[in-house]
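The primary structure of each chain is shown beneath.
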Amino acid sequence: MPEQSSAILPPRSVLDAFGVRGIPEPLNGGQGRSVRVGGAVLKPAERTEGESEWAASVFERLPLGAGFRVPRPLRSAEGDAVVEGWTAAEFIDGRPGPSRQWPGVVAVGRAFHAALREVPRPAFLDRRTHPWAVADRVAWGEEGAAVVPELAEPFAHLLSLRRPVEGAAQVIHGDLTGNVLFSPGQNPVVIDFSPYWRPPLYAEAVVIVDGLLWYEPAPGLLAGGGDDPRWRQMLIRALIFRLVALSGLVGPSWRAGEKEAARFLAATEAVERGTYEGRARP
C-alpha cells in the first residue's frame, strides 16, 4: 500500500551518539520515516516501549548464512539501541521486491521465520494500539472494529467467510511484501521488521494478499500455501488485516473509497475461487 514520505531528520547529537557521518537523505518506501546517513539508516523508534530494543537484540542473534540477511543494528557507545527516540542500522543496498520476485519474497519469509522459531513472545505486543496492531487482532477475532462506510461491504463479506483455524504461533514479520531487498549473487535482505505473534503461513498470506490488492501478481500466486487446508482461511484473515488497517489510516476526506472497496471485493472473489485471472486492477 503506497505511503507518502514524511521523514524528519535526526539531530546531530543522535548522529554523534551512533558514530555516523554524512548528510541525512530521506529514503523512499516504508512509512517514509527512514533517513540514510553515510553507511547507516536511521529512523524513529517504535512508539511501544521496548519494541525497538527487542528488535535490535533479535537481529543481533540471527544466524548468518540462513538464506537471508538483515541490517546490523548500531548501538551507541553506552550500548543503547535507541538514542533520543532514534534507531540506527547499517545500510544495505538492493532492489526491493515484490514485482518479478514473488517466489523469492515467499522463500525468504520462510527462511526468516524458521530462524525466529524459538524467539519468545514479546510482551509489548499486547500494548500496541497502532492501526496495524488493531487490524491484526480484528483479523483473528480477538477484537471488534467498525470500518469506514466505503469498506463496510467487503468487510462484512470477509467476516462471513472467516472460520476457526489452528496453527502454532511464533514471531513473524507481518509486512514482508515490500521489505525484502534483492542483489545479484547475495542472499536477500529483510528490512523494516514488523513483528506479530501468528502462524508463519499467515505472514505468507499477507504477501499474497498484497499482490492481489496492489500489484499485478504472477500467475499461480494464490497457490503459495500449497495443499495446506488452512490456506484459504489465512488469506481471508490477511484481507481483513489489510482492510481494517486501511480503514484506520484514512480520514474523512478520503477519495479512494469505491476504488479500494472494489479491490477488496475482487481479491476476496479470487480467494473464494482459488484462482487469479489476471484482470486489470480496479
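This write-up is about the structure you can find in this document. (Residues numbered from 1 in each chain as written. Predicted model: local features only at pLDDT ≥ 70, side-chain atom pairs only at ≥ 80, totals over all residues. Heavy atoms only, no water.)

### Side note on the side chain of arginine 198
Moving on, step 1. Inspection of the secondary structure assignment puts arginine 198 in strand β9 (residues 195-198).
Moving on, step 2. Relative accessible area serves as the criterion here: at 9%, arginine 198 is assigned to the buried category.
Moving on, step 3. Polar side-chain contacts of arginine 198 include one of 2.9 Å to the side chain of glutamate 142.
Moving on, step 4. Apart from residues no more than four positions distant in its own chain, arginine 198 is found in contact with Asp136, Arg137, Trp140, Glu142, Ala168, Ala169, Gln170 and Ile172. (Helix = DSSP H or I, 4+ residues; strand = E, 2+ residues; numbered from the N terminus. Buried < 20%, exposed > 50% of the residue type's maximum accessible area, 1.4 Å probe, protein only. Polar contact = N/O pair within 3.5 Å; in protein donor to acceptor, adjacent residues only side chain to side chain. Contact = heavy atoms within 4.5 Å.)

### Details of helix α4 (residues 131-139)
Moving on, step 1. Where burial is concerned, most of α4 is hidden: 7 out of the 9 residues are buried.
Moving on, step 2. Positive backbone phi, at 70°, marks glycine 141, one or two positions downstream of α4.

### Here we look at the nonpolar core
Moving on, step 1. If you look at the biggest cluster of nonpolar residues, it comprises 69 residues, and the most contacted ones within it are Phe112, Leu151, Phe193 and Tyr202.
Moving on, step 2. Looking at this core, the element that brings in the most residues is helix α7 (residues 231-249), giving 12 residues.
Moving on, step 3. Once residues lying within four places of it in the same chain are set aside, the contact partners of tyrosine 202 are Asp136, Ala139, Trp140, Ile172, Met234, Arg237, Ala238 and Phe241.
Moving on, step 4. Grouped together as the second largest cluster of nonpolar side chains are 12 residues, Val14, Leu74, Val83 and Trp86 included. (Core = buried A, V, L, I, M, F, W, Y, C linked by side-chain atoms within 4.5 Å.)

### So, the pattern of salt bridges
Moving on, step 1. If you walk through the whole model with that rule in mind, you get 16 salt bridges.
Moving on, step 2. We note a salt bridge from arginine 75 to glutamate 60, for which the minimum N-O separation is 2.7 Å. Of the two residues, arginine 75 is situated in the loop between α2 (51-61) and β4 (86-90) and glutamate 60 in helix α2; the sequence distance between them amounts to 15 residues.
Moving on, step 3. For arginine 75, a relative accessible area of 25% corresponds to the partly exposed category.
Moving on, step 4. Accessibility expressed as a relative area gives 40% for glutamate 60, which makes it partly exposed.
Moving on, step 5. In this structure, the salt-bridge partner of glutamate 142 is arginine 198, at a minimum N-O distance of 2.9 Å. Here arginine 198 lies in strand β9 and glutamate 142 lies in the loop between α4 and α5 (152-161), a separation of 56 residues in the sequence. (Salt bridge = Lys/Arg side-chain N within 4 Å of Asp/Glu carboxyl O.)

### Quick look at the packing of aromatic side chains
Moving on, step 1. Per the stated rule, a full pass over the model turns up 11 aromatic pairs.
Moving on, step 2. Ring centres 5.3 Å apart and planes at 80° place the aromatic pair tryptophan 140 and tyrosine 202 in the edge-to-face group. Placement of the pair is tryptophan 140 in the loop between α4 and α5 and tyrosine 202 in helix α6 (residues 200-214), with a sequence separation of 62 residues. Comparing tryptophan 140 with tyrosine 202 shows no difference in burial state: the two are buried. (Phe/Tyr/Trp six-rings, centres within 6.5 Å; stacked < 30°, edge-to-face > 60°.)

### Focus: the packing of α6 against helix α8 (residues 257-273)
Moving on, step 1. Close contact between α6 and α8 brings their axes to 9 Å; oriented N to C, the two are set at 125°. As summarised for this structure, α6 and α8 are arranged oblique, according to the angle between their axes. Every pair of crossing elements has a handedness; the one defined by α6 and α8 is right-handed. Contact residues: α6 offers Leu212, Leu213 and Trp214, while α8 offers Glu260, Arg263, Phe264, Ala267 and Val271.
Moving on, step 2. Class assignment for the residues of the contact of α6 with α8 results in 6 nonpolar, no polar and 2 charged. (Axes fitted to C-alpha atoms, helices over the stretch in contact; angles between N-to-C directions. Parallel < 35°, antiparallel > 145°, perpendicular 65-115°, else oblique. Left-handed = near helix turned anticlockwise from the far one by under 90°. Nonpolar A, V, L, I, M, F, W, Y, C, P; charged D, E, K, R; others polar.)

### Focus: the sheet that holds strand β1 (residues 25-26)
Through backbone hydrogen bonds, the strands of a sheet pair up, either in parallel or in antiparallel fashion.
Moving on, step 1. Strand order in the open sheet made by the 4 strands is β1-β2-β3-β4, with antiparallel pairing throughout. With partners counted over all chains shown, the strands left at the sheet margins are β1 and β4, one partner each.
Moving on, step 2. When strand β2 (residues 35-37) meets strand β3 (residues 40-44), the two strands line up antiparallel, connected through 3 bridges. Bridge pairing links valine 35 to leucine 42 in β3. (Pairing = 2+ DSSP bridges.)

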